[in-house]
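# Coordinate analysis (summary)
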Amino acid sequence: MADSKREIERKYEATDATRLPDLSRVAGVAAVDHHGVSELDAVYYDTEDLRLAADSLTLRRRTGGGDAGWHLKFPVASGIRDEIRAPLSDTLPPDLAGLVRSRVRDTALVPVVRLRSARDVHLLNGPDGEPLAELSVDAVRAERLHGGSRSTAWTEIEVELADDGDPAFLDAVERHLRKAGIRPSASPSKLSRALADTSPKKTSSKKTSPKKKRQREPAPTPHTAGDHVLSYVRRQITAIVALDPAVRRGLPDSVHRMRVATRRLRSALRTHRKVLDRAVTDPVGAELKWLAAELGVDRDQEVLDARLRTRLDDLPRTLVLGPVRARLRIWSTARRSGSRRRTVAVLDGARYLALLHTLDALLADPPLLPAAAGPPGKALARAAHKDHKRLATRLAHALEHPPGPDRDLALHDARKAAKRARYAAEAARPALGKPAKKAVKRLKAVQSVLGDHQDSVVARDALRTLAVQAHAAGESSFTWGLLYGQEEETAAARERELPQVWARASRAEIRAASGR
């Protein structure tokens, strides 16, 4: 079974002649304990085209030291990574294989680099003997195993913060290292340095600074309508792939964010049918709709649970009659039972993998129509205007109905149109600037009002079910009825608020004629 650890560390350049300063003088350090030298041997795995390295992920099998095993590291921020660990085995553990699947797909992982390090470890301890950080001086020997045959060697200093430590402590350590002439490393990881130094493209006639040779090529500046649409599409596909491991790990808000990226992508394919051939994109949109629905199983229940618990917490105790909290907990648990396992099963399924391959193909050979070659302003403004007009029609239709189920259903349809209009404005923002930015903000407000209204509709349905169950069990249904009444008032308040919010959004409409 894999476990995880948040790794916060900094790396520094060193040579055999580098001497560490007296680290016992760092504020907060009471003692520096020298633990001696350990030998580490790690083999790093990646696809032949280095997909994991391209996204700054590292996967290794390491022996030696106190944490031998498989390690998978995800970047969180500069100098911060989440490390997922699994016990030492001959083959990659299934848990870790799942976490790289969205990047690797069905491509084989191969050994790409072997790193052997002599690690000289120093523990920086506080007054009570508690560890503050681990400083190691690593003499590294790297051997390219695939995609090259070169070897390289270097020495570096690594300072890793202790679990639950204050990151400011690393600043204090760094000040002492800098005073001793020790500078931060230009490479974010040992693997990235090994790959760069052993690259077959490296030649002795072209000497480039480590920082320059590790820079990625900047993304091309979008010029045409097709460029802008594809840029937006690419961002959503990248988000889906990147969030896949977070969903598998059950990280907070990951399912919601992946679902939103899926919806944004589907919306873009539907909105920009003048730019992308719908004969190609409509089948993709159908699969994205399926994925969003699967991701919604757990997310919708999570939102509903939070809403009902908040409502219940806000009630005076004298109005909570009977085993209300226990019934809510039992009902929620029954509905969510196995939902996360189902979500992971979807991500492990052949249908999802086929969708990822299809999205790759969409970017590799985009089905651009002649309008894609035109200037972006007119095409994107026209698409945003069309979606805005659809929203206006649906809202007018919804408000024609008297309060009740038909209006609720029509407002839900309007909510979907509001999302699509907002996403169209988002895609247009790089080309249209402030008008699109203003439209996004106003449409988000409309979406929020409609969303709260729909959440109230769903909550009322759940509260009625809970009241029926409580009554059948001989419990008081008073509290459930009270909460139902609150949700009715919430829905009515949102309906009263809607015309004013929509009026502001209408004034921010992106007109087709405003395109540049």
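Residues numbered from 1 in each chain as written. Predicted model: local features only at pLDDT ≥ 70, side-chain atom pairs only at ≥ 80, totals over all residues. Heavy atoms only, no water.

Before going further, it helps to spend a moment on the overall build of the protein. When helices and strands are counted, the protein shows 16 helices and 8 strands. The principal-axis extents of the C-alpha atoms in the protein amount to approximately 80 × 65 × 45 Å. Considering only contacts in the protein between residues 6 or more positions apart, those separated by 24 or more positions represent 73%. Roughly 26100 Å² of accessible area belongs to the protein as shown, and the carbon and sulfur atoms make up 52% of that amount. (Helix = DSSP H or I, 4+ residues; strand = E, 2+ residues; numbered from the N terminus. Contact = heavy atoms within 4.5 Å. Areas by Shrake-Rupley, 256 points an atom, 1.4 Å probe, with all protein chains shown as cover.)

In this section: helix H10 (residues 324–336). Spacing of three or four residues puts side chains on the same side of an α-helix, whose turn is 3.6 residues. With 13 residues, H10 should reach 18 Å at 1.5 Å per residue; the first-to-last C-alpha distance of 18 Å fits that figure. Buried residues belonging to H10 abut helix H9 (278–313), helix H15 (434–472) and helix H16 (478–507). (Expected span 1.5 Å × (residues − 1).)

This part is about the packing of aromatic side chains. How two aromatic rings sit relative to each other is set out by the distance from centre to centre and by the angle between their planes. Counting across every chain of the model gives 1 aromatic pair. Geometrically, the ring pair formed by Tyr45 and Trp70 is tilted, given 5.4 Å between the ring centres and 40° between the ring planes. Placement of Tyr45 in strand E2 (residues 31–46) and of Trp70 in strand E4 (residues 69–77) is noted, with a sequence separation of 25 residues between them. Of the two residues, Tyr45 and Trp70, both sit in the buried class. (Phe/Tyr/Trp six-rings, centres within 6.5 Å; stacked < 30°, edge-to-face > 60°. Buried < 20%, exposed > 50% of the residue type's maximum accessible area, 1.4 Å probe, protein only.)

So, about H15. Taking 1.5 Å of rise per residue, 39 residues should cover 57 Å, and H15 covers 57 Å from first to last C-alpha, within 8% of that figure. Taken from the residues just after H15, Gly474 is the one with a positive phi, measuring 80°.

This paragraph deals with unusual backbone geometry. Despite not being glycine, Ser56 shows a phi value in the positive range, around 65°. Its location among the elements puts Ser56 in the loop between helix H1 (51–54) and strand E3 (58–63). Residue Arg105 is not a glycine yet carries a positive backbone phi of 60°. Structurally, Arg105 is set in the loop between helix H3 (101–104) and strand E6 (110–125).

The next point concerns the side chain of Arg259. Here Arg259 shows up in helix H8 (residues 254–271). Ignoring any residue separated from it by four or fewer positions in sequence, one finds Arg259 in contact with Ala292, Leu295, Gly296, Arg299 and Asp300.

Moving on, we come to the pairing of E2. Each regular strand shows side chains that alternate between the opposite faces of the sheet. Strand direction decides the pairing type here: E2 and E6, joined by 15 bridges, are antiparallel. Across the sheet, the residue bridging to Glu39 is Ala118, located in E6. Bridging between E2 and E3 involves 5 bridges; their strand directions are antiparallel. Note on E3: the bridge partner recorded for Tyr44 is Arg60. (Pairing = 2+ DSSP bridges.)

It is worth spelling out the packing of helix H13 (residues 376–400) against helix H14 (residues 405–432) at this point. Running from N to C, H13 and H14 point in directions that differ by 165°, and their axes come no closer than 8 Å. Considered as vectors, H13 and H14 are oriented roughly antiparallel to each other. When the axes of H13 and H14 are compared, the crossing they make is left-handed. (Axes fitted to C-alpha atoms, helices over the stretch in contact; angles between N-to-C directions. Parallel < 35°, antiparallel > 145°, perpendicular 65-115°, else oblique. Left-handed = near helix turned anticlockwise from the far one by under 90°.)

Next up on the list: the pattern of salt bridges. Two side chains of opposite charge can pair, provided their charged atoms sit close to one another. Going through the model one piece at a time under the given rule, you end up with 52 salt bridges. Between Lys11 and Glu158 there is a salt bridge, with its nearest N and O atoms 2.4 Å apart. Pair noted here: Lys11 is in strand E1 (residues 3–14) and Glu158 is in strand E8 (residues 151–161), with a separation of 147 residues, a long-range link. When sorted by exposure, Lys11 lands in the same class as Glu158, which is buried. The partner of Arg105 in a salt bridge is Asp360, with the nearest N and O atoms 2.4 Å apart. With Arg105 in the loop between H3 and E6 and Asp360 in helix H12 (residues 350–364), this pair connects stretches of sequence that are 255 residues apart. (Salt bridge = Lys/Arg side-chain N within 4 Å of Asp/Glu carboxyl O.)

The subject of this paragraph is the environment of Asp348. By secondary structure assignment, the location of Asp348 is in helix H11 (residues 339–348). We classify Asp348 as partly exposed; its relative accessible area is 39%. The sequence separation of Asp348 and Tyr12 amounts to 336 residues, and the corresponding C-alpha distance is 40 Å. Non-local contacts of Asp348, meaning those with residues more than four positions away in its chain, are made with Arg101 and Arg248.

Strand pairing in a sheet relies on backbone hydrogen bonds, with the paired strands running either antiparallel or parallel. Pairing is antiparallel in the closed barrel, where 8 strands are placed in the order E1-E5-E4-E3-E2-E6-E7-E8. With strand direction ignored, the average angle separating the axes of adjacent strands in the sheet is 35°. Sheet topology note: the E4/strand E5 (residues 80–86) ladder contains 7 bridges and is antiparallel. Its bridge partner lying in E5, Trp70 is registered against Ala86.

With respect to the element layout, Arg264 can be found in helix H8. Given the relative accessible area of 19%, Arg264 is considered buried. Among the polar contacts made by the side chain of Arg264, one reaches the side chain of Glu426 at a distance of 2.8 Å. Setting aside chain neighbours within four positions, we find Arg264 in contact with Tyr232, Gln236, Arg422, Tyr423 and Glu426. (Polar contact = N/O pair within 3.5 Å; in protein donor to acceptor, adjacent residues only side chain to side chain.)

Take the pairing of E5 next. With 5 of its 7 residues buried, E5 lies for the most part within the structure. Here 6 bridges tie E1 to E5, and the two strands are oriented antiparallel to one another. Pairing of Arg6 across the sheet is with Asp82, part of E5. Following E4, the chain reverses through 2 residues before pairing antiparallel with E5; Gly79 in that reversal takes a positive phi of roughly 80°.

What follows concerns the environment of Arg175. Tracing the backbone shows Arg175 in helix H4 (residues 168–179). Spatially, the C-alpha atoms of Arg175 and Tyr423 are 46 Å apart, while their sequence positions differ by 248 residues.

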